[in-house]
Amino acid sequence: QVQLVESGGGLVQAGGSLRLSCAASGRTLSTYAMGWFRQAPGKEREFVAAISWSAGNIHYADSVKGRFTISRGGAKNTVYLHMNSLKPEDTAVYYCAAHPIVSAIAGGAASSWGQGTQVTVSS
């Protein structure tokens, strides 16, 4: 099982930017795709972005495409979500996720989850 720890959440004004980080550890994580989900109170969990282990395959939700960028770190097992042009509707708890297959994350599946980090966008 992969252990995931998110960081970087906080309060930001609409139109601003924020970068989330996810640090992964575990014996099998080197072959795992990683991604991000978010969940607002009273709403279903929503896929945000995913990236393959090699970073050659990237997926974005339509709601964030063009505004958010997912990337992987170099030597460290880390993924980032750089969020630009933030909107109040982006407010949610953001969860890091891992799965052996990147398309599975894009389809809503995950083998491991982080604890979540709160992102609040004020108007």
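Residues numbered from 1 in each chain as written. Predicted model: local features only at pLDDT ≥ 70, side-chain atom pairs only at ≥ 80, totals over all residues. Heavy atoms only, no water.

Q: Tell me what's going on with the overall build of the chain, and back it up with residues and numbers.
A: Summing up its helical and strand segments, the chain has one helix and eleven strands in all. Start at the N end of the chain and walk to the C end: the helices and strands fall as β-β-β-β-β-β-β-β-β-α-β-β. For the chain, whose C-alpha radius of gyration is 13 Å, the value lies close to the compact-globule estimate of 14 Å for 123 residues. Across its three principal directions, the C-alpha atoms of the chain cover 40 × 30 × 25 Å. Summarising the internal contacts of the chain: among those between residues at least 6 apart in sequence, 58% fall at separations of at least 24. (Helix = DSSP H or I, 4+ residues; strand = E, 2+ residues; numbered from the N terminus. Rg over C-alpha atoms; globule rule 2.2 N^0.38 Å. Contact = heavy atoms within 4.5 Å.)

Q: Give me the pairing of strand 11 (residues 117–122): which residues, what numbers.
A: Side chains Thr 117, Val 119 and Val 121 of strand 11 all project onto a buried face; the interleaved residues Gln 118, Thr 120 and Ser 122 project onto a face where none is buried. Across four bridges, strand 2 (residues 10–13) lies against strand 11 in parallel orientation. Paired with Gln 13 across the strands is Ser 122, a residue of strand 11. In the sheet, strand 9 (residues 92–99) pairs with strand 11 via three bridges, with the strands oriented antiparallel. Paired with Tyr 94 across the bridge in strand 11 is Thr 117. (Buried < 20%, exposed > 50% of the residue type's maximum accessible area, 1.4 Å probe, protein only. Pairing = 2+ DSSP bridges.)

Q: So what's going on with the pattern of salt bridges? Which residues, and what values?
A: In this structure the tally under the stated criterion is three salt bridges. Between Glu 46 and Arg 38 there is a salt bridge; the shortest N-O distance is 2.9 Å. With a relative accessible area of 28%, Glu 46 lands in the partly exposed category. Since its relative accessible area comes to 5%, Arg 38 is described here as buried. Ionic pairing is found between Asp 90 and Arg 67, a salt bridge with its closest N-O pair at 2.8 Å. On the criterion of sequence distance, the pair formed by Asp 90 in the loop between strand 8 (78–83) and strand 9 and Arg 67 in the loop between strand 6 (58–60) and strand 7 (68–72) is long-range, its members being 23 residues apart. Residue class for Asp 90 comes out buried when judged on its relative accessible area of 0%. One salt-bridge network, held together by shared partners, links Arg 38, Glu 46, Arg 67 and Asp 90. (Salt bridge = Lys/Arg side-chain N within 4 Å of Asp/Glu carboxyl O.)

Q: Tell me about the nonpolar core, and please be specific about residues and values.
A: Ranked by internal contacts, the top residues of the largest apolar core, which has 35 residues, are Trp 36, Leu 81, Met 83 and Tyr 94. Mapped by element, the contributors of at least two residues to this core are strand 3 (18–25), strand 4 (33–39), strand 5 (46–51), strand 7, strand 8, strand 9, helix 1 (102–106) and strand 11. Contacts of Leu 81, omitting those with residues within four sequence positions, involve Leu 18, Arg 19, Leu 20, Trp 36, Val 48, Ala 49, Phe 68, Thr 69, Ile 70 and Tyr 94. (Core = buried A, V, L, I, M, F, W, Y, C linked by side-chain atoms within 4.5 Å.)

Q: Would you mind going over the environment of Glu 6 in detail, with residue names and values included?
A: Checked against the element boundaries, Glu 6 lands in strand 1 (residues 3–7). The spacing of Glu 6 and Thr 117 is 111 residues in sequence and 6.2 Å in space, taken between C-alpha atoms. Polar contacts involving the side chain of Glu 6 include one to the main-chain amide nitrogen of Gln 115, which spans 2.9 Å. At 2.9 Å, the side chain of Glu 6 and the backbone nitrogen of Gly 116 are in polar contact. (Polar contact = N/O pair within 3.5 Å; in protein donor to acceptor, adjacent residues only side chain to side chain.)

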